[in-house]
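Each chain, letter by letter, is given below.
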Number of protein chains: 2
Amino acid sequence: MAVNQLMSEIKTINGGTITDVKGFKAAGVHCGLKRKRLDLGAIVCEVPASAAAVYTMNQIKAAPLLITKESLSASAGKLQAIVVNSGNANACTGQQGMQDALEMQKQAANHFQIQQDYVAVTSTGVIGELLPMEKLRNGISKLSVESTSDAFAEAILTTDTCTKEVCVELMINNKKVKIAGVAKGSGMIHPNMATMLGFITTDAAIESSALQQILAKATDETFNRITVDGDTSTNDMVIAMASGLADNEKLTDAHPDWQIFYEGFKHCAVALAKMIARDGEGATKLIEVQVDGAVNDTEAGKIAKTVVGSDLVKTAIYGKDANWGRIICAIGYSECSINPQAIDISIGNHQTLKNSSPVSFSEEAITAYMNQEETIVIHVQLNNGHGTGKAWGCDLTYDYVRINAGYRT
Amino acid sequence: MAVNQLMSEIKTINGGTITDVKGFKAAGVHCGLKRKRLDLGAIVCEVPASAAAVYTMNQIKAAPLLITKESLSASAGKLQAIVVNSGNANACTGQQGMQDALEMQKQAANHFQIQQDYVAVTSTGVIGELLPMEKLRNGISKLSVESTSDAFAEAILTTDTCTKEVCVELMINNKKVKIAGVAKGSGMIHPNMATMLGFITTDAAIESSALQQILAKATDETFNRITVDGDTSTNDMVIAMASGLADNEKLTDAHPDWQIFYEGFKHCAVALAKMIARDGEGATKLIEVQVDGAVNDTEAGKIAKTVVGSDLVKTAIYGKDANWGRIICAIGYSECSINPQAIDISIGNHQTLKNSSPVSFSEEAITAYMNQEETIVIHVQLNNGHGTGKAWGCDLTYDYVRINAGYRT
């Protein structure tokens, strides 16, 4: 079935969140890691859920990631709770950090009365400082889950300026299924994964391994296609949990509704990825790069990400400058297969380059586009195959420098 | 012979330049590509010189590179002149651009009465605009070589704030040999090559192929280890010319003085590379990253370059923030072989991390270091082998954004 047709069967629930999904509740409190704002949260499922996770490719992995990875393995892919703190990444904290992550897991397990390896732990924030465990223990004891996600969505933020949530509904076997997500991420964003955290809940019935397939594929096309500053963090994680309470026939890749479930899941991932990119530190614009005509989809994605990650392209967008020269330069150093003479580039609907030669365009029209639109779309046609891919990022501004010249991470 | 001992036999000539080398003269004029400043230059040798060149790895290569490459091949590695314009990169200019680069070469050849394929052409500046050939022809006809390089060194600049020259002297077979260089580069710097241009002259007697060996090796350890903004340009080139007028026994890798010649050449390349990095757009600091204990030298260099290229490390340096967390994060995403638990990091002489665990250090002392010194040295010990490497870059500042949000490249 064509993707367009599938997309029309996916209903966006405006204002919907992870707790609108059958079986899931969430909590958020202030325990003292940040000065005033919420800094500790949890998602809890009323039953053990099938779970899947993806982690940063950075070889320096924070303690909570390692604990979570082990637990997911030990529990054969089951999770029933996720506990998250912000303000401290618990990264590069040695043996003490590992012990602290374990204790955080244990305290949460006791508090929610769930077995320990059904609890995932995640942290985000400053690298290299030990968790203040007294505050954390007190905070965990105060966590009280509710049917709203506001507190959780706030508790996970660091330099973000807004919360990031999405929810869709679709039919699997004539059963209503919801998929929802919440995320954070602002700086140190260049996922392969990168300090973003994402949490996706669904009430679909699906095995952990099948959910992992869905998550991995969606991640490749979404979370791994965003970049704010090229720095892949030590803490990234996306965790998906499926409660099964929608009571559909279990989803597998042989299920007739597998594709629509994937599209719904990916829709949530795209929405969260774009929210993260748009909220990049100091950003004033979301930049979307669409690449067509590459030798394959992987290369298309790599080229798109290279373009949207170029400091020179990012500053040009900030300056409302339709600088295709920097765009083609980035394409040229992407280390992908291109025909240097066959490249077309458009900014918005304005073509600026055809067959790698400049075409005349209205500078005023492009400047107006770049002033008015919040999303700047760069379209690249490589005329070198059938691969397509998208990536998202943001402009590079004075505020990025201001924020990062003064933040101890 | 130990490198240290060799280094003591290499004499830096303060204020020395490419025209202090036997056989070489240079010129620079204003022809109208820039508003007022010099924008057209040439280096001419009184005899055909053995030549070597390295070029950008960007797949989008400007017309002048392709012409120069072909000529060097056709002339079996001989050059007698290099003509350079700034203000226009003659890149992405299609067939017309190729014709214009050829005409530039031909006009220069006629003017200096040299055979056409003994003339290299290079351009730097804005991408995508055709060369104004009338102005260029007039300019070429005005070029008049002298024994000083000031005009040439200025004529090649774009967003640089200063000229960049170096000169050394050493003994080959008891003959005095000089090696000198001049370069430009400020933004769009991430050599693999990157919009930097470098011109190295020597009076040593050496075949083109041997000179290419020297140049390639030195480039790997110097020009390919600098980054200002991660953008590898369409125009980079380094050209080396050897007049042979020092009259030494021809240098080959079997010559007893091969190593000292290499060290002298590399000394020039290091000096120019550092000048380029220090003059990065908006930079207030030169950053030098030294990596030891990698599995091999190539990985050490790659890790060093990743660290010095991280936007988060660059902004931290700008903010005088001893942020080792961002440094280890960059090491972790460098895609090299590391032991995540064995990393030591120092900033200046101040150790901040040992075995990947934070050690206490004086924040005031480090801040003072970062305020006072113009070169910030970051030392990484990976404790994972014997590979060593260095890379250079600069801080990321408001001025970088200002310059690049308003420059049409």
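All values derive from a computational prediction rather than experimental measurement.

Novice: Hey, could you run me through the domain arrangement of chain A in this one?
Specialist: Size of an interface, as often reported, equals the accessible area lost when the parts are brought together. All names here are of chain A. When its domains are assigned, chain A resolves into domain 1 (10–278) and domain 2 (286–405). Taken together, the 15 residues of domain 1 in the interface contact 16 residues of domain 2. By the criterion of area lost to domain 2, the three top residues of domain 1 are Arg225, Thr227 and Arg278, representing 46% of everything that side buries. For the interface between domain 1 and domain 2, the tally reads two salt bridges. In this structure, the salt-bridge partner of Glu288 is Lys274, at a minimum N-O distance of 3.8 Å. Run the count over domain 1 and domain 2 and you get six residue pairs in polar contact (both at pLDDT 80 or more). Element by element, the count of residues in the side of domain 1 that touches domain 2 is highest for helix 7 (residues 258–278), at four residues. Residues of the side of domain 1 that touches domain 2, tallied by class, amount to five nonpolar, five polar and five charged.

Novice: Whenever I open this one, unusual backbone geometry confuses me. Can you help?
Specialist: With the exception of glycine, the majority of residues adopt a negative phi angle, and the majority of peptide bonds are in the trans configuration. Residues and elements named next belong to chain B. The backbone of Asn174 sits at a positive phi, close to 60 degrees, despite the residue not being glycine. Along the polypeptide, Asn174 turns up in the loop between strand 6 (164–172) and strand 7 (175–184). Overall, the relative accessible area of 69% leaves Asn174 in the exposed class. You will see that Glu335, though not glycine, has its phi angle at about 60 degrees, which is positive. Relative to the helices and strands, Glu335 is located in the loop between helix 10 (324–332) and strand 11 (344–347).

Novice: Just checking my understanding: could you explain the packing of helix 8 (residues 297–309) of chain A against helix 10 (residues 324–332) of chain A for this structure?
Specialist: Axes are the key here: two packed helices are described by the angle between their axes and the distance separating the axes. All names here are of chain A. For the pair helix 8 and helix 10, interaxial distance at closest approach is 8 Å and the crossing angle is 135 degrees. In terms of axis orientation, helix 8 runs oblique to helix 10. Seen from above, helix 8 lies across helix 10 with right-handed handedness. Each of Ile303, Thr306 and Val307 in helix 8 lies in contact with helix 10, whose residues at this interface are Ile327, Ala330 and Ile331. Its residues assigned to classes, the contact of helix 8 with helix 10 shows five nonpolar, one polar and no charged.

Novice: Whenever I open this one, the relation of the copies chain A and chain B confuses me. Can you help?
Specialist: The pair of chain copies shares a relation made of a rotation about an axis and a shift along it. The operation relating chain A to chain B is a screw motion whose rotation component is 180 degrees, with 0.0 Å of axial translation and a residual RMSD of 0.0 Å. In short, the pair behaves as if placed about a two-fold rotation axis. Among all residues of chain A, the one whose C-alpha sits closest to the rotation axis is Tyr398 of chain A, at a distance of 2.7 Å.

Novice: What is the right way to look at the UniProt feature "binding site: substrate" (unreviewed entry) in chain A in this model?
Specialist: All names here are of chain A. Per the UniProt record, "binding site: substrate" (unreviewed entry) is found at Thr158, Lys184, Thr195, Glu281, Asn404 and Thr409. Within the secondary structure layout, Glu281 lies in the loop between helix 7 and strand 10 (286–294). A distance of 2.7 Å separates a polar atom in the side chain of Glu281 from a polar atom in the side chain of Thr159.

Novice: What is the right way to look at the pairing of strand 14 (residues 375–381) of chain B in this model?
Specialist: Put simply, side chains in a regular strand alternate between the two faces of the sheet. Residues and elements named next belong to chain B. What you see with strand 14 is a clean split: Ile376, Ile378 and Val380 sit on the buried side and Thr375, Val377, His379 and Gln381 on the side with no burial. Summarising the sheet, strand 10 (residues 286–294) and strand 14 pair through seven bridges and their orientation is parallel. Note that in strand 14 the partner of Asp292 across the bridge is Gln381. Sheet analysis places strand 11 next to strand 14, joined by four bridges and oriented antiparallel. The residue of strand 14 that forms the bridge with Ile347 is Ile378.

Parameters and conventions
- Residues numbered from 1 in each chain as written.
- Chains lettered and ligands numbered in written order.
- Predicted model: local features only at pLDDT ≥ 70, side-chain atom pairs only at ≥ 80, totals over all residues.
- Heavy atoms only, no water.
- Domains from an automatic or database assignment.
- Contact = heavy atoms within 4.5 Å.
- Buried area = accessible area lost by both parts, 1.4 Å probe.
- Salt bridge = Lys/Arg side-chain N within 4 Å of Asp/Glu carboxyl O.
- Polar contact = N/O pair within 3.5 Å; in protein donor to acceptor, adjacent residues only side chain to side chain.
- Helix = DSSP H or I, 4+ residues; strand = E, 2+ residues; numbered from the N terminus.
- Nonpolar A, V, L, I, M, F, W, Y, C, P; charged D, E, K, R; others polar.
- Buried < 20%, exposed > 50% of the residue type's maximum accessible area, 1.4 Å probe, protein only.
- Axes fitted to C-alpha atoms, helices over the stretch in contact; angles between N-to-C directions.
- Parallel < 35°, antiparallel > 145°, perpendicular 65-115°, else oblique.
- Left-handed = near helix turned anticlockwise from the far one by under 90°.
- Least-squares fit on C-alpha atoms with pLDDT ≥ 70 in both.
- UniProt positions renumbered as here; feature names shortened; annotations may be inferred.
- Pairing = 2+ DSSP bridges.

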